[in-house]
Every structure is written in C-alpha cells, then in structure tokens.
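# Fold and geometry: a report
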2 protein chains.
Amino acid sequence: MGLKLYYNTFSQPSRAVYLFLKLNNIPFEKKIVNLMAGEHKKDEYKKINPLSLVPVIDDNGFIVRESVGILRYLVREKNLPDHWYPKDSLAQARVDEYLEWQHVGLRIHLAMFVRVKKLFPMMTGKPPASNLLERSLKETVNSCNTFEKIYLSSDKKFLFGNELSIADLMAAMELEQPQMAGYDPREGRPKLASYLENVRAATNPHYDEVCEVIYSFLESKS
Amino acid sequence: MGLKLYYNTFSQPSRAVYLFLKLNNIPFEKKIVNLMAGEHKKDEYKKINPLSLVPVIDDNGFIVRESVGILRYLVREKNLPDHWYPKDSLAQARVDEYLEWQHVGLRIHLAMFVRVKKLFPMMTGKPPASNLLERSLKETVNSCNTFEKIYLSSDKKFLFGNELSIADLMAAMELEQPQMAGYDPREGRPKLASYLENVRAATNPHYDEVCEVIYSFLESKS
C-alpha cells in the first residue's frame, strides 16, 4: 500500500507537501492530478476528495485532505523531528498562528492574483478586467508587505527560529506563486528575499525541483 | 492575571472562542474591542495583535492569536474533554480537515457577503455595486451548499459525531453571520437547519447570548 500523494506542482499547497515528503525521505507514489484537464472535477477524483482540491494523501488507505492538516498528520504519524511542528504547547501556538492566518491573510490574495492575471485569460482568451486586476495586485502587495513586516521581524533564519517548520514550507511555496503572473514578492523586500533564499538553500535540490513549473513560466515569459 | 479575551461578538471567530470559554466554565476578563470605532487599528491594540484582528487571548501573559489556534491551545492547556479536539491522530486529522478548509471554503465568502451587502453601505452611505453583490451572494450560496453536502452527509448530531468539537463552534458561528445581511443559510437546507439547531440546543443559553448581536440586526430589519 504505502503512501500516495495526489497533487499538482502548479498548486502551492501541493508543492509544500511534496517538498516535506522529499525532505523527510518518506517514499510516496506520485499521483499527478491534471488540473488543466479538469481531472480534479471528475467522479473518480471526487471519490478521493469530494471538494475537488489537491493535495490529498492516501496513507495505507487512510485519506487526509487539506495541506496544513496533512503536514500536521505526517509529523505525528511518522515521528519526525520536533522542529517541523513543536510538541511544546506555547511554541505550537506560535506556529498555528501563522498557519491559520495564512489562508485568508496571504494565500487567497496571491492565488487570486495569478488566476485573474494569468489563468482566466489563458482559459478564456480575454484580458483581465482592469479594476479586478488592480484590486487583486493591491491585495497581493499588501499581504506580502504584512508577511514581511509581521512574520520576518526577528533575525532568525526561518519563521520560528533557525530550523525549518511546516510553516516555512507553506509560506515559501505560496510566495513563489505570483511570479507566474509576473510579480515577484522579493522585489523591494530584502528581508523577504533573504528569507526565501534561506528556505531554498536549506531544502535544495527539492525546492528547485518542485518549483520547476514556476521557473518554466518565467522562461516562457521572455 | 488570569485569562483575558479581546473580542467583539460581531466577529464570527470571536463568538466561537467566547462560546467555548463559557461552555467550559473558564473564567475570563472581557475586553471588548470596538471595531466600529476602529479600536483594533489603534497602537494600543496593535501591541496585542499587530494584525489588528480579533479574537486574541492573553493567558497569564501569553498571547495567542487566530481563533483556530486559540481553541487548540485552550484544549491542550486547560485539559479539556477529548471530544472538543481528539488526541487520536486519525480523528484529529478529520477535525483539522474541516478547520483548515473553512477559512477559504466558507468563512471568506460569508464574511465578504456581509461586508458588501451591509457594512460597506453602512459606512459609506452608498448602495453596493450590483455585480459585486451578485457574485458575493453566489459564493455564499455555493459555500453553504458545499458545507451541507460534504460535511453534513452523516446522520450524526454534529460534524464529527454525537459530541461537540471546536469545529462545530467555528461552523455554527460562521453560518449565523449572513443573517445580518438578510441571508439565512437554513432556508432550503433542512439538514443544515437541524444541525444548527443541534448546536444551539447543546450550547444554550450561551449560544443565544453570543448571537444577540445578530438577533438584534434581524429585529432592526423589520
């Protein structure tokens, strides 16, 4: 049986879970879900996740959905090092603060920007509505500013110290996303840029491997 | 010292944490944050939460932000009954699935609908833009449909069995919100209506107490 990962590297949370499995040497069977072809909306995939979302893991028959929940589950079940998600109650509350904030504080804005600027026009052949694009860019800029100001206020290498946590994988994979639509959160944000470089250096070659889809978008731009 | 709750019953997650504290007989000092007067954006409150969000708890000097994180923290720290948030890894993964989904799956849509239909017009004196209102209502309807279809598919009283979990408090407080803008998720959804009645019956008189702000909106409508 083993562990199966249903994912697409196009999706930020899919990349975070993929990266986490690789970094912890957890063997898994790759089940790529073709989002462009709408595979996630077909009945077969809906048996795995009726919400049609990726990623999902199937761990010896036990299905877990939602990236943050998957990462917490894996830390518990696979007895992984504490730095990923601390058992200490107070330290855990700090990591939870970020993980619960990022859904609406960061993720929704960056994902929407890529959809408005790149995906919808690709799918419909029409340019984005200028007011929608403007608002979406503004929300992306604001949320990246908030991320840097609030969460990178210490001199630590990572969000919660000098070792990686699951929050770092979620954050970095999210912050890479808007580059697909021509916006790089590193620009004008030196702390954020050096934070992302820290995560990348600590997780390569897997970081670059899982971000290949983003890098290929950048190349195709020129 | 004790426990302080910074909150406003106008906010769905504030209500969930308030309700949880009451149901577990945890004494707390009420620190009402006047959102209408912009108190959450002032420097004094930003020392508590630089993100200007409610709720926040200050537990003997340890500050915890983000409702889902606060509820998890309280279950751990106050040694509360397991049904609130199960220690069993597989059961916990199920509760996490809902808690991580609801941010973007339910909360953002219902909150936006109330803002577009009610709050922005109250603040600006202008009616909502019709296309924005239409889209916002559609997203609210869709997410309530999804909630009923996916999460109320069993015959259990609550989301994860016949005892309350923190997910039920988050869900019920969210689903009460759009009534403030004239949309009641119970209408046309008998399973959702009876689920909300189950949560209300199991948590009263605190449920009605914390929802007073919503009920007063309903009365002022007529």
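For the record of chain A, the UniProt heading Sequence similarities (unreviewed entry) holds the text "Belongs to the GST superfamily. Theta family." Quoted verbatim from the Subcellular location (unreviewed entry) field of UniProt, the annotation for chain A is "Cytoplasm".

### Focus: the overall build of chain A
A tally of helices and strands in chain A yields 9 helices and 4 strands. Secondary structure of chain A in N-to-C order comes out as β-α-β-α-β-β-α-α-α-α-α-α-α. Computed over C-alpha atoms, the radius of gyration of chain A comes to 17 Å, within 12% of the 17 Å expected from 2.2 N^0.38 for 222 residues, which places it in the range of a compact globule. Seen along its three principal axes, the alpha-carbon backbone of chain A occupies a region of about 50 × 45 × 30 Å. The 222 residues of chain A split such that 54% are buried. Within chain A, residue pairs in contact and separated by at least 24 positions form 68% of the contacts whose partners lie at least 6 positions apart. The average position of the 30 basic charges and that of the 28 acidic charges among the side chains of chain A differ by 5 Å.

### With respect to the layout of surface pockets
Estimates place the volume of the second largest pocket at around 440 Å³. Around the second largest pocket, the lining is made up of 17 residues, and of these A:Arg76, A:Gln92, B:Arg76, B:Lys87 and B:Gln92 lie nearest the centre. Split by residue class, the lining of the second largest pocket holds 7 nonpolar, 4 polar and 6 charged.

### Examining the packing of helix H5 (residues 130-151) of chain B against helix H7 (residues 190-203) of chain B
Residues and elements named next belong to chain B. It is the contact of H5 with H7, at a shortest axis distance of 9 Å, that shows an interaxial angle of 75°. With respect to H7, the axis of H5 lies roughly perpendicular. Contacts between H5 and H7 involve Cys144, Phe147 and Glu148 from the first element and Pro190, Lys191, Leu192 and Tyr195 from the second. Class assignment for the residues of the contact of H5 with H7 results in 5 nonpolar, no polar and 2 charged.

### A word on the UniProt feature "domain: GST N-terminal" (unreviewed entry) in chain A
Under the feature "domain: GST N-terminal" (unreviewed entry), the UniProt entry names residues 1-82 of chain A. Along residues 1-82 of chain A the backbone is 35% helical and 21% strand, and the end-to-end C-alpha distance reaches 27 Å.

### Structural notes on the interface of chain B and chain A
Contacts between chain B and chain A engage 32 residues on the former and 32 residues on the latter. Regarding the contact of chain B and chain A, the summed buried area is about 2800 Å², with carbon and sulfur atoms giving 59% of it. Where chain B packs against chain A, one counts 6 salt bridges. On inspection of chain B and its partner chain A, the count reaches 14 residue pairs in polar contact (both at pLDDT 80 or more). Secondary structure elements with two or more residues in the side of chain B that touches chain A: strand E4 (62-65), helix H3 (67-77), helix H4 (89-124) and H5 of chain B. No other element matches H4(B), which puts 13 residues into the side of chain B that touches chain A. Of the residues contributing to the side of chain B that touches chain A, the split by class is 17 nonpolar, 5 polar and 10 charged.

### Details of the sheet that holds strand E3 (residues 56-59) of chain B
All names here are of chain B. The strand order across the open sheet built from 4 strands is E2-E1-E3-E4, with neighbouring strands paired in mixed fashion. Of all strands in the sheet, those with a lone pairing partner are strand E2 (29-32) and E4, marking the two edges. Neighbouring strand axes in the sheet, compared pairwise and without regard to direction, differ in orientation by 20° on average. Sitting on the sheet, H3 touches strand E1 (3-7), E3 and E4, and the angle it makes with E4 is about 130°.

### Examining the environment of B:Asp155
Note on placement: B:Asp155 falls in the loop between H5 and helix H6 (166-176). The spacing of B:Asp155 and B:Leu74 is 81 residues in sequence and 29 Å in space, taken between C-alpha atoms.

### As for the relation of the copies chain B and chain A
Both copies of the chain are tied together by a single rotation about an axis and a shift running along it. With an axial shift of 0.0 Å and an RMSD of 0.0 Å, the rotation relating chain B to chain A amounts to 180°. Taken together, the rotation angle and the small translation identify this as a two-fold axis. A high fraction, 100%, of the interface residues of chain B reappear at the interface in chain A, so the copies pair face to face through one surface.

### A short note on unusual backbone geometry
The phi angle of most residues is negative, glycine excepted, and most peptide bonds adopt the trans form. The residue after B:Val54, namely B:Pro55, is reached through a cis peptide bond having omega 0°. Locating B:Pro55 in the fold gives a position in the loop between helix H2 (43-48) and E3. Omega for the peptide link from B:Asn204 to B:Pro205 comes to 10°, which places this bond in the cis form. Within the secondary structure, B:Pro205 is located in the loop between H7 and helix H8 (206-210). In this structure, A:Ser52 takes a positive phi of about 65° despite not being glycine. Along the chain, A:Ser52 falls in the loop between helix H2 (43-48) and strand E3 (56-59).

Procedures and definitions
- Residues numbered from 1 in each chain as written.
- Chains lettered and ligands numbered in written order.
- Predicted model: local features only at pLDDT ≥ 70, side-chain atom pairs only at ≥ 80, totals over all residues.
- Heavy atoms only, no water.
- UniProt positions renumbered as here; feature names shortened; annotations may be inferred.
- Helix = DSSP H or I, 4+ residues; strand = E, 2+ residues; numbered from the N terminus.
- Rg over C-alpha atoms; globule rule 2.2 N^0.38 Å.
- Buried < 20%, exposed > 50% of the residue type's maximum accessible area, 1.4 Å probe, protein only.
- Contact = heavy atoms within 4.5 Å.
- Lys, Arg positive; Asp, Glu negative; His and termini not counted.
- Charge placed at Lys NZ, Arg CZ, Asp CG, Glu CD.
- 1 Å grid on protein atoms, 1.4 Å probe; cavity = no way out; pocket = protein on both sides within 12 Å on 5 of 7 lines; lining within 4 Å.
- Points joined across faces, edges and corners; volume = space filled by probe spheres on them.
- Nonpolar A, V, L, I, M, F, W, Y, C, P; charged D, E, K, R; others polar.
- Axes fitted to C-alpha atoms, helices over the stretch in contact; angles between N-to-C directions.
- Parallel < 35°, antiparallel > 145°, perpendicular 65-115°, else oblique.
- Buried area = accessible area lost by both parts, 1.4 Å probe.
- Salt bridge = Lys/Arg side-chain N within 4 Å of Asp/Glu carboxyl O.
- Polar contact = N/O pair within 3.5 Å; in protein donor to acceptor, adjacent residues only side chain to side chain.
- Pairing = 2+ DSSP bridges.
- Least-squares fit on C-alpha atoms with pLDDT ≥ 70 in both.

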